[in-house]
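# Descriptive structure summary
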Amino acid sequence: MGTIMIKLIVGLGNVGAEYKDTRHNAGFWFVDALSDKFGIMLTYDKKFHGSVGRGTIVGQDIRLLTPSTFMNRSGLAVAPLAKFYNIAPHEILIAHDELDISAGSLRLKKGGGHGGHNGLKDIIPHIGADFWRLRVGIGRPTHSSMVSGWVLSKPSSDDRICIDRTIEYGIDALEILIKGDEQKAISLANGLKLPT
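Only a predicted model underlies this, so the values are computations on that prediction, with no experimental measurement involved.

What counts and how
- Residues numbered from 1 in each chain as written.
- Predicted model: local features only at pLDDT ≥ 70, side-chain atom pairs only at ≥ 80, totals over all residues.
- Heavy atoms only, no water.
- UniProt positions renumbered as here; feature names shortened; annotations may be inferred.
- Helix = DSSP H or I, 4+ residues; strand = E, 2+ residues; numbered from the N terminus.
- Contact = heavy atoms within 4.5 Å.
- Core = buried A, V, L, I, M, F, W, Y, C linked by side-chain atoms within 4.5 Å.
- Buried < 20%, exposed > 50% of the residue type's maximum accessible area, 1.4 Å probe, protein only.
- pLDDT = per-residue confidence, 0-100.
- Expected span 1.5 Å × (residues − 1).
- Pairing = 2+ DSSP bridges.
- Axes fitted to C-alpha atoms, helices over the stretch in contact; angles between N-to-C directions.

The next point concerns the UniProt feature "active site" (unreviewed entry) in the chain. Within the UniProt annotation, "active site" (unreviewed entry) is assigned to H24. Inspection of the secondary structure assignment puts H24 in the loop between β1 (8-11) and α1 (26-38). Setting aside residues up to four positions removed in sequence, H24 forms contacts with L12, G13, N14, M71, D97, H117, V151 and L152.

Put into structure tokens, the structure is as follows:
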């Protein structure tokens, strides 16, 4: 098992106090948790339109990025950083919120479409689709007309606890992925179903 060369981990979300605790920021929460666990400081860097950090995760030199461009312009942050440091799409993992799975669930996969996610929709034209995605479940509202209000509102406290626990499992899966056991990482992430 060779090392999977993940060199850049991006968390998607919206900047600003009014968005900080909203479901759409689950990707930010993932990177914040990584930053805490591995002691990687994030500082704003205007040339990459976001907050950037660099540190070691399971022996691998990794950069973290949280774009400050707002969700639907995420590619404007990801593309210049990847280009500047010569990071290929398959060396990037993007963590984002996912409507199609419930809070307490995760999905890890490489490649695929954007699934209607505005952040991915903007990133794919810039760098292609061959990157890793860690999809953090936030559940779906009862009616499709409520989706934008749902992603931009705060989860219930029970759901938030569940999402935070999910993120801990996501970090475990990421560590396994970096160590080179792709199948085990995917099985751990995709098999997770916490009671909500």
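We are not done yet, so read on.
Quick look at the nonpolar core now. When a protein is soluble and globular, its nonpolar side chains tend to lie buried together. The biggest cluster of nonpolar side chains holds 36 residues, and the ones touching the most others in it are I6, I9, F30, L34, L93 and L108. At the level of secondary structure, the elements contributing two or more residues to this core comprise α1, β4 (60-67), β5 (92-98), β6 (106-110), β7 (132-137), α5 (157-179) and α6 (182-190). The element that contributes the greatest number of residues to this core is α5, accounting for nine residues. Setting aside chain neighbours within four positions, we find L108 in contact with L93, W132, R133, L134, A185, I186, A189 and N190.

All right, on to the UniProt feature "binding site: tRNA" (unreviewed entry) in the chain then. The residues that UniProt annotates with the feature "binding site: tRNA" (unreviewed entry) are Y19, F70, N72 and N118. Note that Y19 resides in the loop between β1 and α1. With a relative accessible area of 21%, Y19 lands in the partly exposed category. Setting aside residues no more than four positions away along its own chain, Y19 makes contact with N14, N25, F70 and L152. By the element assignment, N72 lies in the loop between β4 and α2 (75-84). Residue N72 is classed as partly exposed on the basis of its relative accessible area of 47%. Once you skip the residues sitting within four places of it in the chain, N72 turns out to touch N118 and D122.

Below, the discussion takes up the confidence of the model for the chain. Regions with low pLDDT carry predicted coordinates that are not meant to be interpreted in detail. Confidence in the prediction of the chain, expressed as mean pLDDT, is 94, and 97% of residues score 70 or more. Looking across the chain, the model is least confident in helix α4 (residues 147-151), with a mean pLDDT of 90, and most confident in β1, with 98.

With that settled, the discussion passes to α1. When the terminal C-alpha atoms of α1 are compared, their 18 Å separation across 13 residues agrees well with the 18 Å that a helix rising 1.5 Å per residue should span. Within α1, the full set of buried residues consists of A26, G27, F28, W29, F30, V31, L34 and S35. Looking at the buried positions of α1, the neighbouring elements they touch are β1, β3 (50-57), β4, β5, β7 and α5. Once α1 ends, the next one or two residues include G39, with phi positive near 65°.

Here seven strands make up an open sheet; going across it, the order is β2-β3-β4-β1-β5-β7-β6 and the pairing mixed. The open sheet terminates on both sides in strands that have one partner only, identified here as β2 (43-45) and β6. Geometrically, the sheet is characterised by an average inter-axis angle of 25° between neighbouring strands, direction not taken into account. Examined bridge by bridge, β1 and β4 share three bridges and lie parallel to one another. Bridge pairing in β4 links L8 to R63. Packing of helix α3 (residues 118-127) onto the sheet brings it into contact with β5 and β7, and relative to β5 it is tilted by some 160°. Across the sheet, α6 lies against β6 and β7, angled at about 150° from β6, the strand it touches most.

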